Amino acid sequence: MNERQTHPATRTVVSTQSETTEIILPNDTNMLGYLLGGRLMHFIDLTAAMAAYRHARTHVVTAAMDHIDFIRPVRLGDLVILKSSVNRAFTSSMEVGVKVWAEDMRSGVVEHVASAYLVFVAVDEQGHARRVPQLMPETADEQRRYEDALRRREHRESESARRKEAKQAVAQARP
Ligand SMILES: CC(C)(COP(=O)(O)OP(=O)(O)OC[C@H]1O[C@@H](n2cnc3c(N)ncnc32)[C@H](O)[C@@H]1OP(=O)(O)O)[C@@H](O)C(=O)NCCC(=O)NCCS
């Protein structure tokens, strides 16, 4: 952590909101004409990075992506709309939420297809973590997401500690 940096100002959730719209082309799909999961994860990562960047105003790297539920397939020719915003900022990390909808080009019907939470870390030119502004929730929904983000961070940390312990146990059990 770059400790020489002073703590920057607070930012609002609205100031981090970002949106991407993509049209699904043949290169994005499998043989059934459904959007590839990896391609959707790429769109999610990029749209989330925009929100993190708007919050941190410095380089950001993806540290973690929580599990994603693909609720229904996205088809060739659909529009995919992704919206992201920062849920909470910690010291150098930020949790970003992304919600994804698909719009059927012919009918205009818009359906929720996926949601994801990602953690980004603000870094300097050398890749060292650096402080980010705190986030100020303004609405009841923003406040709920802000509180949930802390619970998810605690869950990630306990899962990470559990995986580390399991790895050590396996290493020690080796002859
Ligand atoms: C993310 C990264 C900068 C963290 O560096 P580090 O030396 O482990 O940093 P620290 O241990 O000081 O942790 C810094 C912050 O990152 C968070 N963090 C680190 N690893 C994390 C993980 N796997 N999941 C969630 N948060 C993580 C810490 O909780 C901490 O947050 P806080 O400052 O808000 O409390 C480093 O692991 C990295 O560069 N990873 C590769 C990133 C990358 O290449 N991404 C893909 C391309 S963008």
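Residues numbered from 1 in each chain as written. Predicted model: local features only at pLDDT ≥ 70, side-chain atom pairs only at ≥ 80, totals over all residues. Heavy atoms only, no water.

Novice: Quick rundown of unusual backbone geometry? Include the residues and the values.
Specialist: At arginine 57, a residue that is not glycine, the phi angle is positive and equals roughly 55°. Tracing the backbone through its elements, the reader meets arginine 57 in the loop between helix 1 (37-56) and strand 3 (59-65). (Helix = DSSP H or I, 4+ residues; strand = E, 2+ residues; numbered from the N terminus.)

Novice: Explain the site of the ligand residue by residue, including any values.
Specialist: Not every one of the 13 residues close to the ligand is listed here, only the nearest: Thr62, Thr91, Ser92, Ser93 and Arg153. In this structure, threonine 91 approaches the ligand through a main-chain N or O atom, which is 2.9 Å from an oxygen atom. The side chain of serine 93 places a nitrogen or oxygen atom 2.7 Å from an oxygen atom of the ligand. Expressed as a share of its isolated accessible area of 930 Å², the protein-covered part of the ligand is 48%. Elements that contribute at least two residues to the shell around the ligand include exactly strand 3 and strand 7 (110-123). With four residues, the single largest contributor to the shell around the ligand is strand 3. For the shell around the ligand, the per-class residue count stands at eight nonpolar, four polar and one charged. (Near = heavy atom within 4 Å. Polar contact = N/O pair within 3.5 Å; in protein donor to acceptor, adjacent residues only side chain to side chain. Areas by Shrake-Rupley, 256 points an atom, 1.4 Å probe, with all protein chains shown as cover. Nonpolar A, V, L, I, M, F, W, Y, C, P; charged D, E, K, R; others polar.)

Novice: Lay out the environment of alanine 102 in plain terms, naming residues and giving numbers.
Specialist: Looking at the element boundaries, alanine 102 is found in strand 6 (residues 93-103). Exposure remark for alanine 102: the relative accessible area of 0% places this residue in the buried category. Between the C-alpha atom of alanine 102 and that of valine 74, which follows or precedes it by 28 residues, the distance is 6.3 Å. Excluding residues within four positions of it along the chain, alanine 102 makes contact with Arg72, Val74, Asp78, Leu79, Val109, Val110, Glu111 and Val113. (Buried < 20%, exposed > 50% of the residue type's maximum accessible area, 1.4 Å probe, protein only. Contact = heavy atoms within 4.5 Å.)

Novice: Please provide a residue-by-residue account of the side chain of glutamate 95, values included.
Specialist: Assignment of secondary structure puts glutamate 95 in strand 6. By relative accessible area, glutamate 95 is classed as buried at 0%. Separated by 2.8 Å, the side chains of glutamate 95 and arginine 156 make a polar contact. Not counting chain neighbours up to four residues away, the residues in contact with glutamate 95 comprise Ser85, Val86, Asn87, Arg88, Tyr117, Leu118, Ala149, Arg152 and Arg156.

Novice: Describe the nonpolar core, with residues and values.
Specialist: Grouped together as the largest cluster of nonpolar side chains are 30 residues, with contacts concentrated most on Ile44, Met94 and Val100. When residues in this core are grouped by element, the largest group, eight residues, is from helix 1. (Core = buried A, V, L, I, M, F, W, Y, C linked by side-chain atoms within 4.5 Å.)

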